[in-house]
Amino acid sequence: MGLTKKISFLLTFFVLTCSFAQKNIYENRRFDELAENHELLAIIPFITNLDLEQEIRSNELKQLEEKEGYAVQNALETYFSQRKKRKKFNVDFQNVENTNAILNQNNISYENLDIYTTSQLCEILKVDGIISGTLSLNILLSEGVPTDFSILDYFIGDANYGRIGVKVSDGETGKLLWKYEKAITKKTGKNTVELIDKMMKLASRKFPYDKEKNRKEKN
């Protein structure tokens, strides 16, 4: 394959990848109305499902899933905090230590977190909305993923380590406001922090609380 054809192939692949990524983003058409008075959001631990190759006892598996769920929560707080310092968002984010402490005080643990509705959690946490999500993995992302891969692996996305979904829900109505899903591969990031940083940067132009996005839409 000549250089021109290679460049053409890569450009086509890039466009298709971007198009596919956009399709993985959902925004409620009533977002502006539902989130008009939002000032504070809480990030809660992600519900994780691990499907590891090695055999692990049930209680150990649950502990590992909990560890991964909290790792994503912390990584998202880091991402939002860094961008908030640059005044990128028109909402604030509750400190995750405070979030988890309040949940614990109300006997809400990682094990029973999913039985509470968004409205119930928002009332308990005294926030306007919840950032939550799901994580399906066949590796321990918090401990890092293999970094050795070929150039072909990079472009086709091998190997697939799982999938992550991030969503924002309204506290008053419980309605889903925004959701972003992405496959986790070798090129996604070598650990939880890098994964969240990369995927949220890809989605940043579509993140509904982004000041720059909102400014462009109004112009």
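Residues numbered from 1 in each chain as written. Predicted model: local features only at pLDDT ≥ 70, side-chain atom pairs only at ≥ 80, totals over all residues. Heavy atoms only, no water.

Although it is not a glycine, Asn107 adopts a positive phi angle of roughly 60 degrees. Secondary-structure assignment places Asn107 in the loop between helix H4 (96-105) and helix H5 (118-125). Note on Asn107: relative accessible area 63%, which makes it exposed. In this model, Lys126 sits at a positive phi of 60 degrees, which is unusual for a non-glycine residue. Relative to the helices and strands, Lys126 is located in the loop between H5 and strand E5 (129-137). Take Lys126: its relative accessible area is 70%, and that puts it in the exposed class. (Helix = DSSP H or I, 4+ residues; strand = E, 2+ residues; numbered from the N terminus. Buried < 20%, exposed > 50% of the residue type's maximum accessible area, 1.4 Å probe, protein only.)

Turning our attention to the environment of Lys206. Along the polypeptide, Lys206 turns up in the loop between helix H7 (192-203) and helix H8 (211-218). Here the alpha-carbon distance between Lys206 and Trp178, two residues 28 residues apart in the chain, equals 9.2 Å.

Locating Ile131 in the fold gives a position in strand E5. Sequence separation between Ile131 and Leu41 is 90 residues, and the spatial gap between their C-alpha atoms is 6.9 Å. Leave out the neighbours within four places in its chain, and Ile131 touches Leu41, Ala42, Ile43, Ile44, Leu76, Phe80, Phe93, Val166, Lys167 and Val168. (Contact = heavy atoms within 4.5 Å.)

Quick look at the nonpolar core now. Counting 40 residues, the largest nonpolar core has Leu76, Phe80, Ile164 and Tyr209 as its most contacted members. When residues of this core are traced back to their parent elements, those giving at least two are helix H2 (31-34), strand E2 (40-43), helix H3 (58-85), E5, strand E6 (160-170), strand E7 (176-185) and H7. A total of 6 residues in this core trace back to one element, the largest contributor, which is H3. Excluding residues within four positions of it along the chain, Phe80 makes contact with Ile43, Phe89, Phe93, Ile131, Met200 and Phe207. (Core = buried A, V, L, I, M, F, W, Y, C linked by side-chain atoms within 4.5 Å.)

To continue, consider the pattern of salt bridges. Where charged atoms from two side chains of opposite charge come close, those side chains can pair. Taken as a whole and judged by the stated rule, the model has 6 salt bridges. Residues Lys84 and Asp92 are paired through a salt bridge, measuring 3.2 Å at the closest nitrogen-oxygen approach. The class of Lys84 is partly exposed, set by a relative accessible area of 26%. Looking at Asp92, the relative accessible area reads 40%, which means it is partly exposed. The salt bridge involving Arg163 is made with Glu181; its shortest N-O contact spans 3.9 Å. (Salt bridge = Lys/Arg side-chain N within 4 Å of Asp/Glu carboxyl O.)

Counted according to the given criterion, the structure contains 11 aromatic pairs. Ring geometry for Phe89 against Phe93: centres 5.5 Å apart, planes inclined by 80 degrees, an arrangement best described as edge-to-face. Take Phe89: its relative accessible area is 1%, and that puts it in the buried class. Overall, Phe93 belongs to the buried group, its relative accessible area being 18%. Their ring planes at 75 degrees and their centres at 5.4 Å tell us that Phe89 and Phe207 sit as a pair that is edge-to-face. Here Phe89, found in the loop between H3 and strand E4 (92-93), pairs with Phe207, found in the loop between H7 and H8; they are 118 residues apart in sequence, far enough to count as distant. (Phe/Tyr/Trp six-rings, centres within 6.5 Å; stacked < 30°, edge-to-face > 60°.)

Moving on to the layout of surface pockets. Volume-wise, the second largest pocket comes out at about 230 Å³. Counting residues per element, the ones that place at least two in the lining of the second largest pocket are H5, E5 and E6. Broken down by element, the lining of the second largest pocket gets its largest block of residues, 4 residues, from E5. Of the residues assigned to the lining of the second largest pocket, the class counts are 7 nonpolar, 7 polar and 2 charged. (1 Å grid on protein atoms, 1.4 Å probe; cavity = no way out; pocket = protein on both sides within 12 Å on 5 of 7 lines; lining within 4 Å. Points joined across faces, edges and corners; volume = space filled by probe spheres on them. Nonpolar A, V, L, I, M, F, W, Y, C, P; charged D, E, K, R; others polar.)

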